[in-house]
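Reading the structure
The chain contents come next:
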Amino acid sequence: MLRFNLRRQISNSTGIYHRKIHSGLEDAGPMASKLKSRSVVRFSGPDTVKFLQGLLTNDVRRFDKSSGENTSTVPTPNMPSVSTPPMYAALLTPQGRFLYDFFLYSPTRPDEKLDRTGSGPGLDTGRDGSVELFADVDVSVLDELLETLKKYRLRSKVDIENVAQEFSCWQRYGRNLTGSSSVGWGGGVDRAGESTASGNKYGWQWYEDPRLDCLGYRSIFPSDATPPLVEADKETDESNYLLWRLEHGVAEGSAEIPKGEAIPLEYNFVGLNAISFDKGCYVGQELIARTHHRGVIRKRLVPLRFIDSNGKEVNQKIAAGAEVVESGSGKKLGTVSTALVSRGMGVMRVEEAFKASAELSVSGSEEVKVEAIRPRWWPAEWFQQNQSGVASA
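Residues numbered from 1 in each chain as written. Predicted model: local features only at pLDDT ≥ 70, side-chain atom pairs only at ≥ 80, totals over all residues. Heavy atoms only, no water.

Moving on to the overall build of the chain. The helix and strand tally for the chain stands at 6 helices and 18 strands. Out of the 393 residues belonging to the chain, those deemed buried represent 55%. Here the contacts in the chain between residues at least 6 apart in sequence split such that 72% fall between residues at least 24 apart. With the model as given, the accessible surface of the chain reaches about 17,600 Å², and the carbon-plus-sulfur share is 44%. (Helix = DSSP H or I, 4+ residues; strand = E, 2+ residues; numbered from the N terminus. Buried < 20%, exposed > 50% of the residue type's maximum accessible area, 1.4 Å probe, protein only. Contact = heavy atoms within 4.5 Å. Areas by Shrake-Rupley, 256 points an atom, 1.4 Å probe, with all protein chains shown as cover.)

Right, let's get into the environment of Gln95. Checked against the element boundaries, Gln95 lands in the loop between strand 5 (87–92) and strand 6 (98–105). Accessibility expressed as a relative area gives 54% for Gln95, which makes it exposed.

With that settled, the discussion passes to helix 5 (residues 285–294). Ile288, Ala289 and Thr291 are the residues of helix 5 that are buried. Along helix 5, the residues classed as buried sweep out an arc of 170° about the axis, all on the same side. Facing away from the buried surface of helix 5 by more than 90 degrees, the exposed residues are Glu286, His293 and Arg294. Where helix 5 is buried, its residues meet strand 5. (Arc of directions from axis to C-beta.)

Residues with a pLDDT of 70 or more make up 73% of the chain, whose mean pLDDT is 79. Across residues 110–124, where pLDDT falls below 50, the model places 57 contacts with residues more than four positions away in sequence or in other chains. Predicted confidence is poor over residues 178–202, with pLDDT under 50, and the contacts of this stretch with residues over four places away or in other chains come to 60 contacts. (pLDDT = per-residue confidence, 0-100.)

Okay, the environment of Pro30 next. The residue Pro30 is located in the loop between strand 2 (15–19) and strand 3 (31–34) in this model. Distance in space between the C-alpha atoms of Pro30 and Glu235 is 9.0 Å, their sequence separation being 205 residues.

Before going further, it helps to spend a moment on the side chain of Thr236. Note on placement: Thr236 falls in the loop between strand 11 (217–222) and helix 4 (238–248). Residue classification places Thr236 among the buried residues on the basis of a relative accessible area of 7%. Among the polar contacts made by the side chain of Thr236, one reaches the side chain of Asn240 at a distance of 2.6 Å. (Polar contact = N/O pair within 3.5 Å; in protein donor to acceptor, adjacent residues only side chain to side chain.)

What follows concerns unusual backbone geometry. A positive phi angle is found at Leu154, which is not glycine, with a value near 50°. Residue classification places Leu154 among the exposed positions, given a relative accessible area of 73%. The backbone of Leu229 shows a phi angle near 70°, a positive value even though the residue is not glycine. Here Leu229 shows up in the loop between strand 11 and helix 4. Look at Leu229 and you get buried, because its relative accessible area is 2%.

Next up on the list: the sheet that holds strand 4 (residues 38–45). Sheet strands associate in pairs through backbone hydrogen bonding, adopting either a parallel or an antiparallel arrangement. If you walk across this open sheet you meet the 5 strands as 5-6-7-4-8, and the pairing is antiparallel. Only two strands of the sheet have a single neighbouring strand rather than two, namely strand 5 and strand 8 (159–162). Strand-to-strand twist in this sheet, taken as the mean axis angle between neighbours without regard to direction, amounts to 30°. Two strands pair when backbone bridges link them, and strand 6 and strand 7 (residues 131–138) are joined in this way by 3 bridges, in the antiparallel orientation. Within strand 7, the position partnered with Phe103 by the bridge is Asp136. Contacting strand 4, strand 5, strand 6, strand 7 and strand 8, helix 2 (residues 142–153) crosses the sheet at an angle of about 175° to strand 8. (Pairing = 2+ DSSP bridges. Axes fitted to C-alpha atoms, helices over the stretch in contact; angles between N-to-C directions.)

The next point concerns the sheet that holds strand 3. In space, the 4 strands of this open sheet follow the order 3-9-11-10, with antiparallel pairing throughout. Two strands close off the open sheet at either side, each with one partner strand: strand 3 and strand 10 (207–208). Alignment of strand 9 (residues 167–173) against strand 11, held across 6 bridges, turns out to be antiparallel. By the bridge assignment for strand 11, Arg172 is matched with Tyr217. Strands strand 3, strand 9 and strand 11 of the sheet are contacted by helix 4, whose axis makes an angle of about 50° with strand 9.

Moving on, we come to the environment of Ile373. Topologically, Ile373 is positioned in strand 17 (residues 365–374). You can call Ile373 buried: its relative accessible area is 5%. For the pair formed by Ile373 and Val302, sequence separation is 71 residues and the distance between their alpha carbons is 6.6 Å.

So, about the side chain of Thr48. Looking at the element boundaries, Thr48 is found in helix 1 (residues 48–53). When its relative accessible area of 0% is taken as the criterion, Thr48 is described as buried. A distance of 2.9 Å separates the side chain of Thr48 from the backbone oxygen of Gly45, its partner in a polar contact. Excluding residues within four positions of it along the chain, Thr48 makes contact with Phe43, Val131, Leu133, Lys157 and Val158.

See the structure below:
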């Protein structure tokens, strides 16, 4: 069982553990979840970087660099990891709307082992100059995504393979994950993970989540192996990872970021390190650049908390698509995009949602009040009005 203050909710087919939402997940120690909502795709060939560079919002040329620079991976006491850190990026429509998100990884050489902290050695390219990259992507749109990529491939020398049976995506999150002491080395936290790490024969390793430090660590690992630093009593259902993201206001995948509709800047992709404004052209780049340089994003994805008139959290199901309105006037201020028990997130009009005098509720369920929460990771320029009475996540 998890060693946290959890409330157990049993589904029809499996035991699923959910954190008590009234106090959030702030007091939960290291957790790990296998992300069944994600699948894995492999790109290989001499045109891999060039192909992805012309499609995705981030600067994929970083994977063309030599492997001699330090990364944001878990450090070791005797030898720093020198592999290229992962990257978060998106593929957009020509009109600049979101289609799919990607976490890109460079594989570690298969003839090398992980060290005791779960870090690996440097990376290399093939002798023919080809580059191999992996991506974890939304499993619900996998077939469609592969078809779209192959449509764009044309004569590019790049192979695109579904390797979902071979690899799985994992996330480590919760408290005490920052720095080397958080992953079983020298700080008294999560030490039992050492035995798992040192016994792994594969070269894959944990990386800091490329979006935000508060999201923890992420990577892909062979499906038939237990990732390093994952203990049986620390593994938990993916729904807890969803709750962790809800509390930080971070959406992931096409189920939470409406495909063909969402504007990436409203979903905070700049703050999530998913967009490069220096790389040049990619699909949908013109609208993104124009909107960014205009300087004002009036609507953003915001963490939400559902409460009753006494301020007590309510756990009734709030459906995605529910409208958030100003209680007095009934004016629509935003829409719930994702919700789980008493937490959610939605794209809201920032200025009005964070007014100290605003009282928000769910349209059609006016007894359910809504509290908009400003994430601590937001840059100050996103939130310049009076912060009095505003909660932070």
